[in-house]
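Residue-level listing of the chains:
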Amino acid sequence: MEIKSFATTLGVGMVAGAATMLLIPRHSQAYRTADEAAHAIKKSVKHKIDDLMD
């Protein structure tokens, strides 16, 4: 049951974060910083998954 609870919390957090990002203008520094962080996290996760598959 803890996994289901964690997944629900994670999903709600992701939706809330996405909704917040929609309110920030794309040309602002805050948007660019968040976008760069998201890309870095995505790249890091991709590398970790690739390492696990090897």
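Scroll up to find the structure this text is about.
Presented here is an overview of the structure given in this document. (Residues numbered from 1 in each chain as written. Predicted model: local features only at pLDDT ≥ 70, side-chain atom pairs only at ≥ 80, totals over all residues. Heavy atoms only, no water.)

## As for the overall build of the chain
Of regular secondary structure, the chain possesses two helices and zero strands. In summary, the chain has a C-alpha radius of gyration of 15 Å against a globular reference of 10 Å for 54 residues, an excess of more than 25%. In terms of principal-axis extent, the alpha carbons of the chain reach across some 40 × 30 × 10 Å. For the chain, the exposed area adds up to about 5,100 Å²; of that, 69% sits on carbon and sulfur atoms. Charge centroids of the chain, computed over 7 positive and 6 negative side chains, lie 7 Å from each other. (Helix = DSSP H or I, 4+ residues; strand = E, 2+ residues; numbered from the N terminus. Rg over C-alpha atoms; globule rule 2.2 N^0.38 Å. Areas by Shrake-Rupley, 256 points an atom, 1.4 Å probe, with all protein chains shown as cover. Lys, Arg positive; Asp, Glu negative; His and termini not counted. Charge placed at Lys NZ, Arg CZ, Asp CG, Glu CD.)

## Side note on a nonpolar patch on the surface
On the surface, Ile41, Val45, Ile49 and Met53 cluster together into a nonpolar patch covering about 410 Å² of accessible area. Looking at where Met53 falls in the secondary structure, it is placed in helix 2 (residues 29-53). Residue Met53 is classed as exposed on the basis of its relative accessible area of 67%. (Patch = residues over 30% accessible without salt bridge, like charges linked within 9 Å, V, L, I, M, F, W, Y side chains within 5 Å. Salt bridge = Lys/Arg side-chain N within 4 Å of Asp/Glu carboxyl O. Buried < 20%, exposed > 50% of the residue type's maximum accessible area, 1.4 Å probe, protein only.)

## Quick word on the side chain of Ser28
Relative to the helices and strands, Ser28 is located in the loop between helix 1 (2-23) and helix 2. Among the polar contacts made by the side chain of Ser28, one reaches the main-chain carbonyl oxygen of Pro25 at a distance of 2.9 Å. (Polar contact = N/O pair within 3.5 Å; in protein donor to acceptor, adjacent residues only side chain to side chain.)

## Comments concerning the pattern of salt bridges
As enumerated under the stated definition, the model contains one salt bridge in all. With a shortest N-O distance of 3.3 Å, Asp50 and Lys46 are connected by a salt bridge. Residue Asp50 and its partner Lys46 are located together in helix 2, separated by four residues, close to a single helical turn. Under the relative-accessibility criterion, Asp50 is labelled partly exposed at 34%.

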